Amino acid sequence: MAAGGGGSGDPLAPAGVPCAFSPHSQAYFALASTDGHLRVWETANNRLHQEYVPSAHLSGTCTCLAWAPARLQAKESPQRKKRKSEAVGTSNQTDLLALGTAVGSILLYSTVKGELHSKLVSGGHDNRVNCIQWHQDSGCLYSCSDDKHIVEWNVQACKVKCKWKGDNSSVSSLCISPDGKMLLSAGRTIKLWVLETKEVYRHFTGHATPVSSLMFTTIRPPNESQPFDGITGLYFLSGAVHDRLLNVWQVRSENKEKSAVMSFTVTDEPVYIDLTLSENKEEPVKLAVVCRDGQVHLFEHILNGYCKKPLTSNCTIQIATPGKGKKSTPKPIPILAAGFCSDKMSLLLVYGSWFQPTIERVALNSREPHMCLVRDISNCWAPKVETAITKVRTPVMNSEAKVLVPGIPGHHAAIKPAPPQTEQVESKRKSGGNEVSIEERLGAMEIDARKKGKDDLQTNSFPVLLTQGLESNDFEMLNKVLQTRNVNLIKKTVVRMPLHTVIPLLQELTKRLQGHPNSAVLMVQWLKCVLTVHASYLSTLPDLVPQLGTLYQLMESRVKTFQKLSHLHGKLILLITQVTASEKTKGATSPGQKAKLVYEEESSEEESDDEIADKDSEDNWDEDEEESESEKDEDIDEEEDEDAEGKDEENGEDRDIASEKELNGDSDLDPENESEEE
Amino acid sequence: MAGYKPVAIQTYPILGEKITQDTLYWNNYKTPVQIKEFGAVSKVDFSPQPPYNYAVTASSRIHIYGRYSQEPIKTFSRFKDTAYCATFRQDGRLLVAGSEDGGVQLFDISGRAPLRQFEGHTKAVHTVDFTADKYHVVSGADDYTVKLWDIPNSKEILTFKEHSDYVRCGCASKLNPDLFITGSYDHTVKMFDARTNTSVLSVEHGQPVESVLLFPSGGLLVSAGGRYVKVWDMLKGGQLLVSLKNHHKTVTCLCLSSSGQRLLSGSLDRKVKVYSTTSYKVVHSFDYAASILSLALAHEDETIVVGMTNGILSVKHRKSEAKKESIPRRRRPAYRTFIKGKNYMKQRDDILINRPAKKHLELYDRDLKHFRISKALDRVLDPTCTIKTPEITVSIIKELNRRGVLANALAGRDEKEISHVLNFLIRHLSQPRFAPVLINAAEIIIDIYLPVIGQSPVVDKKFLLLQGLVEKEIDYQRELLETLGMMDMLFATMRRKEGTSVLEHTSDGFPENKKIES
């Protein structure tokens, strides 16, 4: 029953989107979102570094990803080497990113090239890839899948080195031991394999649900009394789907004890785990666990043997929006991933939506048991135009390179720190004159395209929303659609809506037409649109009159008062002009006899207007000059007579405008008025 | 001398959503208790016996909750994989559940380990149920088969291989121990009879069937799949009775109210709809926060439990009736006070003098009776009256106008009082049912207060507001007039068609149309 069409078909699939920090320097953060895009973000300045859409991103979505270890970069395919000689300064840059997909293929993506490096398909998995691990030294890649097998890949040759059955059910997680000789795999049980012989060395049982994460927590055994054989005495940790416990296991020399030595409790299923390895005995292991509910739990513990009680976290980190005003309550922002920085004292937090995550470095303070960070991410929701959607890799430049920019020479001055003068001259010579730069043109095009796309999207979704709302009679959904003010949008929606919803929409509109004129005006817009667009359809309906009868009667009864109302409106206008007029006269009388002055200014303005008019007329009518002048005098006299009235009218008009403003919501004028009155 | 006749208060139909018995009944629940489960809640089932505990299947566990406990009183967690469809037996003692690995397990409510394990399905078992005789279990699985198991010797009795896709839902008849029904993703619902070892009836739903339900009488079958809920008449050999399309996403679960009068359906569009089983119209609808996967009603509809995809279980309890009783009521005179002397039979020489019954008058009527018109108006302009029953205020204004004293009643008010009147006008002027009376009143007010206008900023502001409102209303009506024009055109085309078909029709269209409308 569960698979009715909900979000993720498999209820036991690990939560969260696959994401990872690049190893060592953590300069990049890769995130494979549910829409099939792989995005790589720069952690330092929170910018989109690269975006890549695999060709099969809809059929085979990315299920897991892993960065290649940095050391591997040195021995690469010859093509890669050539590039490296060109670009100086990228030696320790992490490059390869392995993506596992739901159909079983593994993609290797090169972040330096910004394109697909190679694809591992032949002889591999035929079902969803659950986990990928790179071997530290040998350049091999290990992957496990729902098809119960574990595959060892030769990355250089893109071929399968070895493939063996890992479990009786799907293998969900992998981890390679610190010395690189053992492999942990987790299906129904956790198994430790010897990589040389592919034999099972140890079994561990304890999780009820598929294990979603495995990780070695120590690289040396806690007591150095016995000789270290590379594996015995090491601790590792495992988290499982739907499980709120992280178990810690120890690899013992004798194969007796099989249960977990200790466990950590968290509030929800773990989504992302990061830890700092402890080098010596005294230093505790620090563990950061991101849960499905968006919280991060930090643990600090010295691993030494069995502990019966589950350990609770030392510190919990949450992020919430600021609650502005009374109405908006703070909402939690989910944390997507967290990674320890190299100094072990601060944490990189990735939060927000996977569409536009925010990456922030947070210093750790172990004394506080609970940290709640207040962040406003509302302004980062829109994709940044300047960084968005660049499939084109930004070229790597060194300092000696000359940059030739077409177009206006000063255009890039703001971005480039200080381009040498010669370059500018050269570029000026090359791109003669005031041509618009390519970038500007591209920018203009891009914006146009986006606008268009957005518009289309909205009108596509509006008819769907409307139909759904009408079918299920969902009040909120209908409100969302019907309360739009955009006439164009209304028209497009009405054009695109299916024909069988026309009558239900009219009935819904009938209900909504009865309300306050403020909202009902919008409904009339819809009604008009429906009537104009679907006129021919409506006229073919045999039972149109009974269908629309109530609507017609309703409207008719409402407009009956039109005449009286207009009459009343006239009265009100007169009244209000008088109000404002009386206010003005009061205001004018209080400072004394200065009113005359005001009038003179006005008249002078009028005069000047008249003069301009006269000048115009002088060209044509020279003879009438005297007459017009005398007329003007008369005008002035008249105005003097109607001193108060004329001014009143004018002021009244002003007031009218002001009143309109006030009605529109500008209530700034009110206190002013009152003070004037008093 | 004729007595005073109280003002007739005009009654208007109540606007907006109609309050029906159903809305009252279904709204009478407390705020939901939300319980977080480990995974999507795929099934909720109430025990048919008191104390009406319910079993909740989520992820690899089955929790049993008591009526008011928010902690599970019992947990069955011995599943290797996801558990499905934990269902109580009719006596509430046994519980059967399917599992992702193809096993069917039978539990005693008091025990922990399974009593019986039925092995035989090769894929996930999504539906299990007890037959009416309590000794058999029916199960349907993703391996396209439906199996009937015997509880006492835990043997498989029969296997039906008639479905051609996953079997995801089913239920056994409550009356006949041999009949049961399964719904499958091959779009069919089949009825099986254990005596014949083939299906006896098959109906085509049209979409993958997510849930089936048999009415207690066994005569009607309800199937849900896609966006449709369909009702079939079993006694007529599977005839489609009605097809309901009230959700905009897949319907996942069905449930009957305890009276059998209402059908509930939950859907991925986060709504639960309540249908009447007589008219098959939606009578109520609930909203939830996430897509709904499972739904159950307790005995006497005391509790609604809804399980959602995000693992949250929402439990709503009915508000207790006793609370209302406990409110102390003012003691009224006993009934016999009123009937005292009423049964006296008139005798031969008696002359009966009826004492005129004392008429009860409302306060405003009393004022009007004594011609205190201003006071009467004040009374009905009181906020308690204007908000709750504006029609009384309007009726009084109308009555004053009829008497020709509205101007007098409105005159002579100070700033505060006049602003009360204006407030009322602003609030109700745009309502078409009050408009004619109120427009008149507004004009009178303007006439009266024109000379003293501009003295009070408060009143001036009110006039400004009123003016804005009137302006908007006029704009709106202008738009309406335009629209009316359009509709006239449409109706006119209609008339022409009628004219061609009906020969004797000659009169011009408009009154004709109105006749049809009315």
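Throughout, residues of each chain are indexed from 1 in the direction in which the sequence is written. Starting at A for chains and at 1 for ligands, labels are handed out in the order in which the entities are written. For a predicted model such as this one, the threshold for reporting local features is a pLDDT of at least 70, and the threshold for listing and counting side-chain atom pairs is 80 or more; totals across whole chains, interfaces and linings nevertheless cover every residue. Heavy atoms from the whole structure form the basis of all side-chain values; hydrogens and water molecules are not counted.

- Per an unreviewed UniProt entry, chain B is named U3 small nucleolar RNA-associated protein 15 homolog, and its organism is Colobus angolensis palliatus.
- UniProt positions are given in the numbering used here, feature names are shortened, and annotations may be inferred rather than shown by experiment. Heading Subunit (unreviewed entry) of the UniProt record for chain B holds this comment: "Part of the small subunit (SSU) processome, composed of more than 70 proteins and the RNA chaperone small nucleolar RNA (snoRNA) U3. May be a component of the proposed t-UTP subcomplex of the ribosomal small subunit (SSU) processome containing at least UTP4, WDR43, HEATR1, UTP15, WDR75. Interacts directly with UTP4 and WDR43."
- Recorded in UniProt for chain B, the comment headed Subcellular location (unreviewed entry) runs: "Nucleus, Nucleolus".

- As annotated in an unreviewed UniProt entry, chain A carries the name WD repeat-containing protein 43 and is attributed to Piliocolobus tephrosceles.
- In the Sequence similarities (unreviewed entry) part of its UniProt record, chain A is described as follows: "Belongs to the UTP5 family."

### Observations concerning the overall build of chain A
In step 1: Of regular secondary structure, chain A possesses 14 helices and 29 strands.
In step 2: For the exposure calls, accessible area comes from a 1.4 Å probe over protein chains only, and a residue counts as buried if that area is under 20% of its type's maximum, exposed if over 50%, partly exposed in between. A buried classification covers 44% of the 678 residues belonging to chain A.
In step 3: Contact criterion: two residues are considered in contact whenever any of their non-hydrogen atoms come within 4.5 Å of each other. Looking at chain A alone, contacts between residues at least 24 apart form 53% of all its contacts between residues at least 6 apart. Secondary structure elements are taken from DSSP: a helix is a run of H or I of four residues or more, a strand is a run of E of two residues or more, and numbering for both begins at the N terminus.

### Looking at the interface of chain B and chain A
In step 1: Opposite the 79 residues of chain B that make contact, chain A presents 76 residues.
In step 2: The term buried area means the drop in 1.4 Å probe accessible area that two parts suffer when joined, counted for both and summed. For the pairing of chain B and chain A, the buried interface totals around 7400 Å² over both sides, and the portion due to carbon and sulfur atoms is 65%.
In step 3: The salt bridge definition used is simple: a Lys or Arg side-chain nitrogen within 4 Å of an Asp or Glu carboxyl oxygen. Counting the contacts that link chain B with chain A gives 7 salt bridges.
In step 4: For the salt bridge of Lys528(A) with Glu482(B), the shortest nitrogen-to-oxygen distance reads 2.4 Å.
In step 5: Pairs of N or O atoms within 3.5 Å make up the polar contacts considered here, provided that, within protein, one atom can donate a hydrogen while the other can accept it, and that residues adjacent in sequence are counted only when both atoms are side-chain atoms. Taken together, chain B and chain A are joined by 15 residue pairs in polar contact (both at pLDDT 80 or more).

### Some details on the UniProt feature "repeat: WD" (unreviewed entry) in chain A
In step 1: Residues given the UniProt feature "repeat: WD" (unreviewed entry) here are residues 122-156 of chain A.
In step 2: The distance from the first to the last C-alpha atom of residues 122-156 of chain A is 14 Å, and the span holds 0% helix and 51% strand.

### Focus: the nonpolar core
In step 1: Judged by nonpolar contacts, the single largest core of 52 residues is most densely connected at Leu400(B) and Phe463(B).
In step 2: Contributing elements (two or more residues each) for this core: helix H10 (562-589) of chain A together with helix H4 (363-369), helix H5 (373-380), helix H7 (390-403), helix H8 (406-410), helix H9 (415-428), helix H10 (435-449) and helix H11 (457-501) of chain B.
In step 3: The dominant element in this core, judged by the number of residues it contributes, is H10(B), at 10 residues.
In step 4: Not counting the four nearest positions on each side in its chain, Phe463(B) is found in contact with Leu572(A), Leu575(A), Ile576(A), Leu422(B), Ile445(B), Ile446(B) and Ile453(B). Side-chain atoms within 4.5 Å link the members of a nonpolar core, which is a set of buried Ala, Val, Leu, Ile, Met, Phe, Trp, Tyr and Cys residues.

### A look at the side chain of Ser118(A)
Residues and elements named next belong to chain A.
In step 1: Structurally, Ser118 is set in strand E8 (residues 115-120).
In step 2: Classification of Ser118 as buried rests on a relative accessible area of 13%.
In step 3: Among all residues touching Ser118, those that are not within four sequence positions of it are Ile106, Leu107, Leu108 and Cys158.

### Things to note about the packing of aromatic side chains
In step 1: Planes of paired rings set the category: under 30 degrees apart is stacked, over 60 is edge-to-face and the rest tilted, where pairs are Phe, Tyr or Trp rings (Trp by its six-membered ring) whose centres lie within 6.5 Å. The full count for this structure, using the stated rule, is 23 aromatic pairs over all chains.
In step 2: Where Tyr25(B) meets Trp26(B), the ring centres are 5.0 Å apart and the plane angle is 90°; that geometry is what we call edge-to-face.
In step 3: Clustering of aromatic rings is evident, with ring pairs tying together Phe204(A), Phe216(A), Phe236(A) and Trp249(A).
In step 4: Only when the NZ atom of a Lys or the CZ atom of an Arg is both within 6 Å of the ring centre and within 35 degrees of the ring normal do we say a charge sits over the ring. Lying over the aromatic face of Tyr185(B), Arg168(B) brings its terminal NZ or CZ to 5.0 Å of the ring centre.
In step 5: Taking the ring centre of Tyr228(B) as reference, the NZ or CZ of Lys230(B) above it sits at 5.3 Å.

### Notes on the confidence of the model for chain A
Residue and element names in this part refer to chain A.
In step 1: Every residue carries a pLDDT, the predictor's confidence in it, which falls somewhere between 0 and 100. Of the residues in chain A, 64% have a pLDDT of 70 or more, and the chain-wide mean is 70.
In step 2: Scored below 50 in pLDDT, residues 380-392 makes 17 contacts in the model with residues more than four places away or belonging to other chains.
In step 3: In the model, residues 405-434 has pLDDT below 50 throughout and makes 23 contacts with residues more than four positions away in sequence or in other chains.

### Some points on the environment of Ile373(B)
Residues and elements named next belong to chain B.
In step 1: Checked against the element boundaries, Ile373 lands in helix H5.
In step 2: Given a relative accessible area of 13%, Ile373 falls into the buried group.
In step 3: Along the chain, Ile373 and Asn408 lie 35 residues apart, while their C-alpha atoms are 8.0 Å from each other.
In step 4: Excluding residues within four positions of it along the chain, Ile373 makes contact with Leu368, Leu400, Val405, Asn408 and Ala409.

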